[in-house]
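Tertiary structure, described
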Amino acid sequence: MFAYAVRRLGSAIPTLLIIITIAFFMMRLAPGGPFDRERQLPPEIEANILKAYNLDKPVHEQYLIYLGNILKGDFGPSYKYLDFTVTDLIVAGFPVSLRLGLMAITLAMLIGITAGTIAALKQNSAFDYMVMGVAMTGIAIPNFVMAPILALVFGVYLSWLPVAGWGGGALQYQILPVITLALPQIAYIARLTRGSMVETMNSNFIRTARAKGLAEKIVVVRHALKGGLLPVISYLGPATAAVITGSVVIESIFDVPGIGRYFVNGALNRDYPVVMGVVIFYAVLIMALNLIVDLIYGFLDPRVKVE
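Residues numbered from 1 in each chain as written. Predicted model: local features only at pLDDT ≥ 70, side-chain atom pairs only at ≥ 80, totals over all residues. Heavy atoms only, no water.

1. Some words on the overall build of the chain
Of regular secondary structure, the chain possesses twelve helices and zero strands. C-alpha extents for the chain along the principal axes are approximately 85 × 55 × 30 Å. Taking all 307 residues of the chain together, the buried fraction comes to 41%. If you take every contact in the chain between residues at least 6 apart in sequence, the share linking residues at least 24 apart comes to 74%. (Helix = DSSP H or I, 4+ residues; strand = E, 2+ residues; numbered from the N terminus. Buried < 20%, exposed > 50% of the residue type's maximum accessible area, 1.4 Å probe, protein only. Contact = heavy atoms within 4.5 Å.)

Here you go:
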């Protein structure tokens, strides 16, 4: 398994290099520059600024310089957040994004697995149709549409929750962002759980367990859930990464100080180092979570050989 993990990490390097290359040149191809919105500067000062950030060099030279700095662990300074490096911004913002993401995926697992399991056990019942109908609705509505709706209803009309802000991390400020992030994942997990549990409950080993006289509760909890949740576990890796990285837009809508807000502001202001730093950080995070899930999958299902 260790050799497998090392090979996976080795194969991730070319993937990461491709991601860096594409992101770097896409940022440079975007119209505008990082200092276009500044007031008109004397040509000498503007030339000195561009030289200080190596922006006066050809793009391919900038690319090679950037790769060299990354190998040294230097993501560079932010062009817009003065006196802050990209590393400083990621260190400051990631705990907030991580907290929102973990709360959202935990909520999604609790509700999605419970609803999907009950729907499978009550197949073709009114509850089953209701869960699947709500799940389809949750999948169809993107969270950047759901976020303003929730803010309007619970923040403006009902005045139950703050519309935006962080409030020092107070719980009431986290509820709407977490629910917004969790809703699509609840829908996906409920559908996955329901489909997998229906198939598992019709398996031969479940019939055998019932034939032995085991109570239905034991059959479900001890035998069916382990097999029925395998697709969900496989989905959780990319889903967790998607929830954490998907908070990019949600953080901007709810004015949450996570790295997603830095990313959006960086993209709008052509703050190249911030955008590149967040892209690389998220890419590494997604690859790491996928590797962890693959290793866990090998433990849970003996039929899967992690070699």
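2. Section: helix H9 (residues 216-228)
For H9, which comprises 13 residues, the first-to-last C-alpha distance of 15 Å sits more than 12% below the rise-based estimate of 18 Å (1.5 Å per residue). Approximately 25° is the largest bend angle found in H9, and it occurs at Arg222. For H9, the full list of buried residues reads Val219, Val220, Ala224 and Gly228. (Expected span 1.5 Å × (residues − 1). Bend = angle between axes of the 7 residues up to and from the residue.)

3. Observations regarding helix H5 (residues 126-140)
Along an α-helix, residues three or four positions apart point the same way, because every turn accommodates 3.6 residues. An ideal rise of 1.5 Å per residue puts 21 Å on 15 residues; H5 measures up with 21 Å between its terminal C-alpha atoms. Among the residues making up H5, those that are buried are Asp128, Val131, Met132, Ala135 and Gly138. Across the axial projection of H5, the buried residues extend over an arc of 120°, all falling on one side. Facing away from the buried side of H5, by more than 90 degrees, are the exposed residues Ala126, Tyr129, Val134 and Ala140. In this fold, the buried residues of H5 make contact with helix H4 (86-121) and helix H7 (171-201). (Arc of directions from axis to C-beta.)

4. Digging into the packing of aromatic side chains
All told, the structure shown has eleven aromatic pairs when counted by the stated rule. On the numbers, 5.4 Å between centres and 80° between planes, the contact of Phe24 with Phe25 is edge-to-face. Residue class for Phe24 comes out buried when judged on its relative accessible area of 0%. Classification of Phe25 by relative accessible area gives partly exposed; the value is 30%. Feature note: the residues Phe24, Phe25, Tyr63 and Tyr66 constitute an aromatic cluster, connected by ring pairs. (Phe/Tyr/Trp six-rings, centres within 6.5 Å; stacked < 30°, edge-to-face > 60°.)

5. Focus: the packing of H4 against H5
Interaxial distance between H4 and H5 falls to 8 Å at its minimum, and their mutual angle equals 140°. With respect to their mutual orientation, H4 and H5 come out oblique. The hand of the H4/H5 crossing is left-handed. For the pair formed by H4 and H5, the contact residues are Ala115, Ile118 and Ala119 on the first element and Phe127, Asp128 and Val131 on the second. Classifying every residue of the contact of H4 with H5 by side-chain character gives five nonpolar, no polar and one charged. (Axes fitted to C-alpha atoms, helices over the stretch in contact; angles between N-to-C directions. Parallel < 35°, antiparallel > 145°, perpendicular 65-115°, else oblique. Left-handed = near helix turned anticlockwise from the far one by under 90°. Nonpolar A, V, L, I, M, F, W, Y, C, P; charged D, E, K, R; others polar.)

6. Some remarks on the nonpolar core
Leu100, Ala104, Leu181, Ile189, Val232, Phe254 and Val256 are the most contacted members of the largest nonpolar core, which totals 26 residues. Among the secondary structure elements, those contributing two or more residues to this core are H4, helix H6 (143-157), H7 and helix H10 (230-253). Ignoring anything within four residues of it in the chain, the contact list for Val232 reads Ile113, Ile189, Leu192 and Thr193. If you look at the next biggest cluster of nonpolar residues, it comprises 14 residues, including Val86, Ala241, Val274 and Tyr282. (Core = buried A, V, L, I, M, F, W, Y, C linked by side-chain atoms within 4.5 Å.)

7. Some words on the packing of H7 against H9
Between H7 and H9, whose axes approach to 9 Å, the crossing angle comes to 120°. As judged from the angle between their axes, H7 and H9 are oblique. Here the hand of the crossing between H7 and H9 comes out right-handed. On the side of H7, the interface is formed by Ser196, Met197, Thr200 and Met201, while H9 contributes Glu216, Val220, Ala224, Leu225, Gly227 and Gly228. Across the contact of H7 with H9, the residue classes break down as five nonpolar, four polar and one charged.

8. Structural notes on the pattern of salt bridges
Within this structure, the stated rule accounts for two salt bridges. Here Arg194 and Asp128 are joined by a salt bridge, their closest N and O atoms 2.7 Å apart. Pair noted here: Arg194 is in helix H7 and Asp128 is in helix H5, with a separation of 66 residues, a long-range link. We classify Arg194 as buried; its relative accessible area is 18%. As a salt-bridge pair, Arg210 and Glu216 come within 2.7 Å of each other at their nearest N and O atoms. (Salt bridge = Lys/Arg side-chain N within 4 Å of Asp/Glu carboxyl O.)

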